[in-house]
Amino acid sequence: MISKPMTGTPSDILVEQLVASGVKYVFYNSGSREALFFDALNNNPNINGILALHEGTVASMAGAYTQVNAEPAVMVVHLGAGLAQCMGQLYNIWFGGLPVVVITFAGDTGSFTDRINLDLDASFGPASISVPMCKETWTVVEPEGLPNAVERALRVASTPPFGPVHIAVYDKMLGKQQVTTNIIHSGPGKLNAGHASDDDLQSIVRVLDEAKNPLLYVGDGVWKSGGGQFASELASHFGVPIASPETDLRGITLKHPQHMGMFNTAINEVNPDVIVSIGTRHQGAGKKEDLDYINDVKSIYALGSGIEYLKNYPGLDFGVIADEGDALERMLEIAKSDYGSDRYDSRRTRIIELSDNWRLSGRASLMGDRIANKVRPAVLVDTIDSVLEGLGGGYITNEQFAAPYDAVQFGLSESNNTFLKGAGGSEGWGVGAAIGAKLAASDSPVIGLVGDGSLYYADSGLWTTVHHNIPLLYVISNNGAYGIVAGAFGRSGGTMSDTGIYEGVVLDGIDPVKIADAFGLEGETIESEDSINETFERALK
């Protein structure tokens, strides 16, 4: 460990340790009691503060920042009340297993009075409400310990399986007192989950070879470990269909010709005899029917960087805890060495035909006949995808359901776009997510694909885009309703579905362009499919 002594205020020390740990951005919502911390943050030339007007946007920016390249993010929210305000988006961070460090300050509710404005109740600790959604939480009392607390938090958050952590700092450290301590300038580097044995990997490769109808089920552990390209090539080599969990569609690009979309759909289409799960945190709906999807599967093999990637497969036949990227690379080497790809030509042809028919069926429902002054969902998806790929590829952060992105046309290339979504489904992710993604992918174009309902949850994030001059394009799929809720009401079989009158879902009379204009963001409405391609190309210049 390399450390250097520093004397300064606790705020100076906290910010300097963030810099020494390689943190480039701190996503925050400002507050009065933290004045000296924000003074130190905004006066340090080696780190950038990104200000949002609401704590939910702070969290969605931080979460999406980590989704680009799996680098940890740091966010600061205002005391106990601010922590409560961010919980909806901290839920998405937790559910997605993202390496985010949450920092809050807290007053002393025990020594003099047990009731302080904006702090949590004295009967609970300052990290109490974040506990269900964090890998670990700590409370820091002594300012000399701040460097160690920050370095430890970043390491824990970014060690597989990833997840958010929380540091609560007592705000007696927000004064001007001078403190001497050591800034930590080196650490263990990036840690992984260890390596699978050769025999274990041979077993997984062998089952892909021998199974009559295998399904490759890939999740967030694949991209977090840098294994996406290896997974894609492995699927192509063996000609196996691909599925992803609903919460993360990034493990293998949706444009792979063997991709069958989300698991619940894919398993019904494929009817596999074997499932090979790589880095996938399997989930359900909390009903006994959850198990029906896998009861008829002959065997399940699972590999992931932690027990959470293996635990939801009752009667798991074969499990390995290991780094997914390393395992996929080595399995691909075994496949190329010992299993010629031509022996799977028949399977590959059959699966590509099956995938193509499934994708065409989904696209047909999203295309239909042209409607005056409307853009069909499939046209919107195709245009976004093709325009970004024409620029060499970019990132799409998605929080909308009117134009499902798994309807995109097949076609592997080096310019395929990266598709990000909020894993937990907690509304209000999309606006801030596009900001975080762009800051992490500064050299790539970013489109924030946001539904009108999602925009209205978090429209103040548009101010952050303008304030920090962040070059990105928001595309609002405006169907004038909370469409996913309306669909659920329609399927419910209740009075609303019988009458067709749905309370609480209609969002008419709101103009997203006027909202953007109010925050200083240029916008326009597209009402013709004939102009959509030109408009997007112009907007991204």
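These lines cover the structure that appears in this document, whether it is placed above or below.

1. Some thoughts on the pattern of salt bridges
Part 1: Enumeration according to the criterion identifies 20 salt bridges in this entry.
Part 2: Between Lys255 and Glu389 there is a salt bridge, and its shortest N-O distance comes to 3.1 Å. You can see Lys255 sitting in the loop between β10 (242–244) and β11 (259–262) and its partner Glu389 sitting in helix α14 (residues 377–390), a full 134 residues away along the chain. Here Lys255 and Glu389 have matching classes, each one buried.
Part 3: Residue Asp345 pairs with Arg348 through a salt bridge whose shortest N-O separation is 2.7 Å. In this pair, Asp345 and Arg348 both sit in helix α13 (residues 345–367), three residues apart, roughly one turn of the helix.
Part 4: By relative accessible area, Asp345 is classed as partly exposed at 37%.

2. What about the pairing of strand β5 (residues 100–106)?
Part 1: With seven of seven residues buried, β5 is to be regarded as a mostly interior element.
Part 2: Burial along β5 is two-sided: the residues Val100, Val102, Thr104 and Ala106 and Val101, Ile103 and Phe105 are all buried.
Part 3: Pairing between strand β4 (residues 73–76) and β5: four bridges, direction parallel. In the sheet register, Ala73 faces β5, and the bridge partner there is Val100.
Part 4: One ladder, built from six bridges, connects β5 with strand β7 (residues 165–170); its direction is parallel.

3. Points about the sheet that holds β11
Part 1: Overall, parallel pairing links the six strands, which are arranged β11-β10-β9-β12-β13-β14 in an open sheet. Each having just a single partner strand, β11 and β14 (318–321) make up the two edges of the open sheet. Going across the sheet, the axis of each strand differs from the next one's by a mean of 15 degrees, ignoring polarity.

4. Examining the layout of surface pockets
Part 1: In this model, the second largest pocket occupies a volume close to 730 Å³.
Part 2: Forming the walls of the second largest pocket are 28 residues, and the residues nearest its centre are Glu246, Met262, Phe401, Lys421 and Ile484.
Part 3: At the level of secondary structure, the elements contributing two or more residues to the lining of the second largest pocket comprise α5 (87–95), β15 (395–399), β16 (418–421) and α18 (483–491).
Part 4: Per-element accounting of the lining of the second largest pocket gives the leading share, five residues, to α18.
Part 5: Residue composition of the lining of the second largest pocket, grouped by class: 11 nonpolar, 11 polar and six charged.

5. Some details on the sheet that holds β16
Part 1: In space, the four strands of this open sheet follow the order β16-β15-β17-β18, with parallel pairing throughout. Single-partner strands in this sheet number two, and they are β16 and β18 (473–477). Geometrically, the sheet is characterised by an average inter-axis angle of 20 degrees between neighbouring strands, direction not taken into account.

6. Looking at the packing of helix α7 (residues 198–210) against helix α12 (residues 324–338)
A packed helix pair is summarised by two numbers, namely the angle formed by the two axes and the spacing between the axes.
Part 1: Across the interface, α7 lies against α12 with an axial gap of 10 Å and an inter-helix angle of 65 degrees. Crossing of α7 against α12: the hand is right-handed. On α12, the residues touching Asp198, Leu201, Gln202, Ile204 and Val205 of α7 are Ala327, Arg330, Met331, Ile334 and Asp338.
Part 2: Taken together, the residues of the contact of α7 with α12 break down into six nonpolar, one polar and three charged.

7. Thoughts on the side chain of Asp220
Part 1: Considering the arrangement of structural elements, one finds Asp220 in helix α8 (residues 220–224).
Part 2: The residues touching Asp220, leaving out its near neighbours within four places in the chain, are Gly96, Asp248, Gly279, Arg281 and Tyr309.

8. Description of a nonpolar patch on the surface
Part 1: The grouping of Phe401, Ile484 and Val485 at the surface amounts to a nonpolar patch, some 270 Å² of accessible area in total.
Part 2: Relative to the assigned elements, Phe401 resides in the loop between β15 and β16.

9. Notes on the nonpolar core
Part 1: The biggest cluster of nonpolar side chains holds 50 residues, and the ones touching the most others in it are Phe27, Met75, Val100, Leu439, Leu462 and Tyr474.
Part 2: Excluding residues within four positions of it along the chain, Tyr474 makes contact with Gly430, Val431, Ala434, Ile435, Gly448, Val450, Leu462, Thr465 and Leu521.

10. Details of the pairing of strand β17 (residues 446–451)
Part 1: With respect to burial, β17 is a largely interior element, six of its six residues being buried.
Part 2: Here β17 shows a buried face lined by Val446, Gly448 and Val450 and a second buried face lined by Ile447, Leu449 and Gly451.
Part 3: Bridging between β15 and β17 involves five bridges; their strand directions are parallel. Counted as the bridge partner of Tyr395 is Val446 from β17.
Part 4: Bridge count for β17 against β18 is five bridges, and the pairing is parallel.

11. Some remarks on the environment of Met61
Part 1: Relative to the elements of secondary structure, Met61 occurs in helix α3 (residues 55–69).
Part 2: Met61 sits 372 residues away from Ala433 along the chain, and the two C-alpha atoms are 4.8 Å apart.
Part 3: Other than its neighbours up to four places away in sequence, Met61 contacts Phe27, Ile50, Ala52, Gly432, Ala433, Ile435, Gly436 and Thr464.

Conventions adopted
Residue positions are counted from 1 within each chain, in the order its sequence is given. pLDDT decides what is reported in this predicted model: residues at 70 or higher carry local features, side-chain atom pairs at 80 or more are listed and counted, and totals for whole chains, interfaces and linings draw on all residues regardless. In computing side-chain properties, one takes all heavy atoms of the structure into account and sets aside hydrogens as well as water. The term salt bridge refers to a side-chain nitrogen of Lys or Arg lying within 4 Å of a carboxyl oxygen of Asp or Glu. Counting from the N terminus, the helices are the DSSP runs of H or I reaching at least four residues and the strands are the DSSP runs of E reaching at least two. Categorising residues by exposure relies on relative accessible area from a 1.4 Å probe, with only protein chains included: less than 20% of the type maximum marks a residue as buried, more than 50% marks it as exposed, and the intermediate range marks it as partly exposed. In this scheme, strands are said to pair when DSSP sees at least two bridges between them. Each axis is a line fitted through C-alpha atoms, taken for helices only over the stretch in contact, and angles between the N-to-C directions span 0 to 180 degrees. In this analysis a 1.4 Å probe is tested at points of a 1 Å grid over the protein atoms alone, and where it fits but cannot get out there is a cavity; an open set with protein on both sides within 12 Å along at least five of seven lines is a pocket; lining residues have an atom within 4 Å of a point. Grid points are joined across faces, edges and corners, and a volume is the space filled by probe spheres set on the points. Residues are sorted three ways: Asp, Glu, Lys and Arg are charged, Ala, Val, Leu, Ile, Met, Phe, Trp, Tyr, Cys and Pro are nonpolar, and all the rest, Gly among them, are polar. Each helix crossing is assigned a hand: it is left-handed if the near helix lies turned anticlockwise from the far helix by less than a right angle, otherwise right-handed if that turn is clockwise. Contacts are residue-level and defined by heavy atoms, with any inter-residue pair within 4.5 Å sufficient. The patch calculation keeps residues exceeding 30% relative accessible area without a salt bridge and links them within 9 Å when they carry like charges or within 5 Å when they are nonpolar (Val, Leu, Ile, Met, Phe, Trp, Tyr). A 1.4 Å probe and the Shrake-Rupley method give the accessible areas. Residues count as covered only by the protein chains that appear here. Remark: nonpolar core denotes a set of buried residues (Ala, Val, Leu, Ile, Met, Phe, Trp, Tyr, Cys) joined through side-chain atoms within 4.5 Å.

All we've got here are geometric facts, nothing functional implied.
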